[in-house]
Amino acid sequence: MSQLAWTHAHESLLWTGKRGSHHTFNYDLINSRNPKAQVSSVWSIPSVPQTEKLYGYHPTQKPLRLVRRAIVASSREGDLIFDPFCGSGTTGVAAKELGRFFVGVEKEQEYAELAARRIGAAVRGGVLGELSGGENA
Ligand SMILES: C[S@@+](CC[C@H](N)C(=O)[O-])C[C@H]1O[C@@H](n2cnc3c(N)ncnc32)[C@H](O)[C@@H]1O
């Protein structure tokens, strides 16, 4: 059999809620400024840049742009974001950048430590940004 295959280039996001629950959908925050445009269910986002891999390696690390967009679309500042498969901590980094609380679970110690390094750096970056009046934010 040939070793050739389609290059994996997409992820599926599930968007669900309890029956009857109210969910946050910040449509206006993620839609284009063009009033005739409508948010698409297909998001084109480049793979993880090297600048997001400074703290260590995880085989399936997600791009911050992707996770930031999902968080902005589906939560408000001060909300709690939970990621039960935290990996390299991308969700935690995005949550802290965007003023959300974060709880993550990761079963591999190596990845939990990587996530802690990344999230710690995001928190320190936010604090430094506040101290310098936003210049480092
Ligand atoms: C697809 S990766 C998550 C990648 C993450 N979004 C990122 O950007 O780095 C899934 C992670 O879940 C972890 N995992 C798998 N089963 C788990 C479990 N039962 N409890 C906690 N973590 C688990 C794996 O070790 C892996 O790091």
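Structural data are supplied above this passage.
Residues numbered from 1 in each chain as written. Predicted model: local features only at pLDDT ≥ 70, side-chain atom pairs only at ≥ 80, totals over all residues.

1. Looking at the overall build of the chain
Within the chain, the secondary structure is distributed over 4 helices and 2 strands. Traced from its N-terminal end to its C-terminal end, the chain shows the element sequence α-α-β-α-β-α. Seen along its three principal axes, the alpha-carbon backbone of the chain occupies a region of about 60 × 45 × 35 Å. Split into buried and exposed, the 137 residues of the chain put 18% on the buried side. Nonlocal contacts in the chain, meaning residues at least 24 apart in sequence, comprise 50% of its contacts between residues at least 6 apart. (Helix = DSSP H or I, 4+ residues; strand = E, 2+ residues; numbered from the N terminus. Buried ≥ 20, exposed ≤ 12 C-beta atoms within 10 Å, placed from the backbone. Contact = placed C-beta atoms within 7 Å.)

2. Some details on the packing of helix H2 (residues 64-74) against helix H3 (residues 90-97)
One way to put it is that H2 packs onto H3 with a least axis distance of 9 Å and a crossing angle of 55°. It follows from the interaxial angle that H2 and H3 lie oblique. Crossing angle aside, the handedness with which H2 passes H3 is right-handed. Along the contact surface, H2 presents Leu-64, Val-67, Arg-68 and Ile-71, while H3 presents Thr-90, Thr-91, Val-93, Ala-94 and Ala-95. Split by residue class, the contact of H2 with H3 holds 6 nonpolar, 2 polar and 1 charged. (Axes fitted to C-alpha atoms, helices over the stretch in contact; angles between N-to-C directions. Parallel < 35°, antiparallel > 145°, perpendicular 65-115°, else oblique. Left-handed = near helix turned anticlockwise from the far one by under 90°. Nonpolar A, V, L, I, M, F, W, Y, C, P; charged D, E, K, R; others polar.)

3. Quick look at the environment of Asn-31
Here Asn-31 shows up in the loop between helix H1 (27-30) and H2. For the pair Asn-31 and Ala-73, spaced 42 residues apart in sequence, the C-alpha to C-alpha distance is 9.4 Å. Ignoring any residue separated from it by four or fewer positions in sequence, one finds Asn-31 in contact with Ala-37 and Val-39.

4. Focus: the site of the ligand
Neighbouring the ligand are 13 residues; Lys-62, Phe-85, Gly-87, Ser-88 and Thr-90 lie closest to it. Residues of the shell around the ligand, tallied by class, amount to 3 nonpolar, 6 polar and 4 charged. (Near = placed C-beta within 6 Å.)

5. Structural notes on the nonpolar core
One broad rule of soluble globular proteins: the nonpolar side chains tend to lie buried together. Ranked by size, the top nonpolar core spans 13 residues in total, and within it Ile-71, Ala-94, Ala-95 and Ala-115 carry the most contacts. Tallying contributions element by element places helix H4 (residues 109-131) first for this core, with 4 residues. Aside from chain neighbours lying at most four places away, what touches Ala-115 is Cys-86, Gly-87, Ser-88, Gly-89, Gly-92, Gly-104 and Glu-106. (Core = buried A, V, L, I, M, F, W, Y, C linked by C-beta atoms within 7 Å.)

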